[in-house]
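Next come the chains, spelled out residue by residue.
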Amino acid sequence: MALQSSGAISLANIQTEFGGSNPISLSEYYDAASGIPASGAISLDDFYGASAFSASGGTVTTSGGYTYHTFTSSGTFTANGSKAVEYLVVAGGGGGGAGHGGGGGAGGYRTGSSTLTTGNYGITIGGGGKGGTYGSTNTQFQVNSRNPANGSNSSGFGLTSTGGGGASPQFTSIGNAGSGISGQGNNGGTGNQGSQWAGAGGGGASAAGGNRRSNSLGGHGGSGSQWLNGTYYAGGGGGGGGEGSNQHGNGGTGGGGRGNNAYNQVGQNATANTGGGGGGSRNRNGGAGGSGIVIIRYQT
């Protein structure tokens, strides 16, 4: 229940609403609710109409003086009271290509902050795109290998992050880099046009995907970005390599899947709930993109 909006207000009233230990000091309640100073001068009048903040939704954890609500599937964030929050919205990553395929692009990475008020806030988590399907003839390469899927969008608090792009196969005439969305991610690398082996890396949140390093060495996925909780998200997928071992492109930091590590290996799936891109493969299926994530944090 909110404190009264006029009349006498006491330290005991404030303690009943917000908690705290005896002896009570007003400095314990800096930034306890909207309108209460975060530092400096503070008075009883600052508490008129104030109420303690509480919230539910997602998986709730605490660390370093902050409470985190992590959504790995769609749901609702419910706020009771007013509070300044920060949030991360990551979309699903794109699938890796097959048939000399490139790495999938990372899902869009966006951050924001606002002061929430009492209400329900819908959260949508985008799925990762499936990897490309390998075919055993040139005709199948050109049809089946073009179907790695894009990741799906994630959204929350007025922000929408766009799903990462599915990679293309390199056995066709498609070798151009995919374009990242400004403010959300970066371009993919450039692969081969024609029957060369290696694929390029997918773009990540903080860096572009690497070009193929040679005819047989796949490009590395672009690095993701580190959020306020210290974790990296939205790494690009690694490009597929040649016939030998360790010719793949590495997945970008932040959940990107690596390309095929040896002949007849599939591309690696990206890590779930990172928005990473799936890894490409020379002659097997590409890896799936990682699903997205939304995280909210506030001081406690």
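Numbering of residues starts from 1 in every chain and runs along the sequence as written. It should be noted that, the model being predicted, local features are given only for residues of pLDDT at least 70 and side-chain atom pairs only at 80 or more, the latter also being counted only at that level, while totals for whole chains, interfaces and linings use all residues. Hydrogens and water are ignored here; the side-chain numbers use all heavy atoms of the structure.

Our next topic: the overall build of the chain. Each helix and strand counted, the chain has 2 helices and 12 strands in total. A 1.4 Å probe rolled over the protein chains alone gives each residue an accessible area, and that area as a share of the maximum for its type sets the label: buried under 20%, exposed over 50%, partly exposed in between. The buried share among the 300 residues of the chain stands at 49%. Considering only contacts within the chain whose residues lie at least 6 apart along the sequence, 55% involve residues at least 24 apart. Strands here are runs of E lasting at least two residues and helices are runs of H or I lasting at least four, both read from the DSSP assignment and numbered beginning at the N terminus. Any two residues whose heavy atoms approach within 4.5 Å at even a single point are treated as in contact.

Here, nonpolar core means buried Ala, Val, Leu, Ile, Met, Phe, Trp, Tyr and Cys residues that are tied together by side-chain atoms lying within 4.5 Å of each other. Counting 16 residues, the largest nonpolar core has F71, F77, I123, F157, V294 and I296 as its most contacted members. Put simply, the parts of the chain that give this core at least two residues each are β4 (75-80), β5 (83-90), β7 (119-123) and β12 (293-299). Residues contacting I123, with those up to four places away along its chain left out, are F71, S74, G75, F77, S155, G156, F157 and V294.

Our next topic: helix α1 (residues 11-18). For α1, the complete set of buried residues consists of I14, Q15, E17 and F18. Buried residues of α1, viewed axially, fall in a sector of 165°; they line one side. Of the residues trailing α1, G19 is marked for its positive phi of about 80°. The arc in question is formed by the directions pointing from the helix axis toward the C-beta atoms.

It is worth spelling out the pattern of salt bridges at this point. Each salt bridge in this description consists of a side-chain nitrogen of Lys or Arg and a carboxyl oxygen of Asp or Glu lying within 4 Å of one another. Here the structure, examined in full by the defined rule, presents 1 salt bridge. Taking the shortest distance from any N to any O, the salt bridge between R297 and E86 comes out at 2.9 Å. Here R297, found in strand β12, pairs with E86, found in strand β5; they are 211 residues apart in sequence, far enough to count as distant. By relative accessible area, which is 9% here, R297 ends up buried. A relative accessible area of 27% means that E86 is categorised as partly exposed.

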